[in-house]
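So the chains spell out like this:
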Amino acid sequence: MLCQTVKVDTNCLFMKKKGCSFNGGKCYPIVDSCDGCDRIEEYPSGKYCGYCADPGSKWLSGRCNFATHVKKENGVKKDKLNPLKASKRGLSD
Ligand code: SF4
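The rules behind these values
- Residues numbered from 1 in each chain as written.
- Predicted model: local features only at pLDDT ≥ 70, side-chain atom pairs only at ≥ 80, totals over all residues.
- Heavy atoms only, no water.
- Helix = DSSP H or I, 4+ residues; strand = E, 2+ residues; numbered from the N terminus.
- Near = heavy atom within 4 Å.
- 1 Å grid on protein atoms, 1.4 Å probe; cavity = no way out; pocket = protein on both sides within 12 Å on 5 of 7 lines; lining within 4 Å.
- Sits in = over half its atoms within 2 Å of the grid points.
- Nonpolar A, V, L, I, M, F, W, Y, C, P; charged D, E, K, R; others polar.
- Phe/Tyr/Trp six-rings, centres within 6.5 Å; stacked < 30°, edge-to-face > 60°.
- Buried < 20%, exposed > 50% of the residue type's maximum accessible area, 1.4 Å probe, protein only.
- Core = buried A, V, L, I, M, F, W, Y, C linked by side-chain atoms within 4.5 Å.
- Contact = heavy atoms within 4.5 Å.
- Pairing = 2+ DSSP bridges.
- Points joined across faces, edges and corners; volume = space filled by probe spheres on them.

Novice: How should I be thinking about unusual backbone geometry in this particular structure?
Specialist: Both trends apply: most residues other than glycine have a negative phi, and most peptide bonds are in trans. With a phi close to 70°, Asp-9 is a non-glycine residue in the positive phi region. By the element assignment, Asp-9 lies in the segment before strand S1 (15-16).

Novice: Explain the site of the ligand to me, please; I cannot follow it from the model alone.
Specialist: Taken together, the residues surrounding the ligand are Cys-34, Cys-37, Arg-39, Ile-40, Cys-49, Pro-55, Trp-59, Cys-64, Phe-66, Ala-67 and His-69. Given that more than half its atoms are within 2 Å of the pocket grid, the ligand belongs to the largest cavity. In terms of residue class, the shell around the ligand is built from 9 nonpolar, 1 polar and 1 charged.

Novice: Would you mind showing me how to read the packing of aromatic side chains here?
Specialist: Aromatic ring pairs are reported here in terms of the distance separating the ring centres and the angle at which the planes meet. In the structure shown here, the tally under the stated rule is 4 aromatic pairs. Between Tyr-51 and Phe-66, the aromatic rings sit 5.5 Å apart at their centres with planes inclined by 50°, giving tilted as the arrangement. Pair noted here: Tyr-51 is in the loop between strand S4 (46-49) and helix H1 (55-58) and Phe-66 is in the loop between H1 and helix H2 (83-89), with a separation of 15 residues, a long-range link. You can call Phe-66 partly exposed: its relative accessible area is 29%.

Novice: Quick question: what am I supposed to make of the nonpolar core here?
Specialist: Side chains of a nonpolar character, in soluble globular proteins, are inclined to be buried together. Val-6, Phe-22, Cys-27, Tyr-43, Tyr-48 and Ala-53 form the largest nonpolar core, which has 6 residues in total. Beyond its immediate sequence surroundings of up to four residues, Tyr-48 is in contact with Val-6, Lys-7, Cys-27, Tyr-28, Pro-29, Ile-30, Arg-39, Ile-40, Glu-41 and Tyr-43.

Novice: Sorry, what's going on with the pairing of S4 here?
Specialist: Every other side chain in a regular strand lies on the same face of the sheet, so the side chains alternate between the two faces. Two strands pair when backbone bridges link them, and strand S3 (residues 40-43) and S4 are joined in this way by 4 bridges, in the antiparallel orientation. Looking across to S4, one finds that Tyr-43 is bridged to Gly-46. In textbook terms, the turn of a hairpin is the stretch between consecutive antiparallel strands, and for S3 and S4 this stretch comprises 2 residues.

Novice: What's the story with empty space enclosed by the protein in this structure? I'm lost.
Specialist: To find leftover empty space, one rolls a probe the size of a water molecule over the atoms. Scanning all chains against the criterion turns up 2 cavities of 30 Å³ or more. The computed volume of the largest cavity comes to approximately 100 Å³. Lining the largest cavity are 13 residues; nearest its centre among them are Cys-34, Cys-37, Cys-49, Trp-59 and Cys-64. Taken as a whole, the second largest cavity spans an internal volume of roughly 50 Å³.

Rendered as structure tokens:
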């Protein structure tokens with residue numbers, strides 16, 4: 001349905017016949033960490049994220065996984081070490 005709160009006339013999954021079903025009844029504006037992200041959308045009501053209704057929550061445990069302006073700290077993913085296999089190889093501490 002089309003939003004009738006902060007992103008007026010934008011199609012949104014949270015919008016229901018009784019109103020916005022998102023926590024608090026509306027989307028939350030971007031946070032400082034979002035500055036520079038390509039997913040920011042401007043509305044008369046302010047700046048909001050096009051991917052996430054609560055941008056602040058995306059930064060609580062590190063980098064937002066949708067962010068376009070911040071590179072991953074390490075391009076190489078570390079493989080998780082299986083403790084059982086590591087002990088067989090003599091790699092455990
Ligand atoms: S994708 Fe992440 S960093 Fe970008 S505006 Fe949305 S919440 Fe902010």
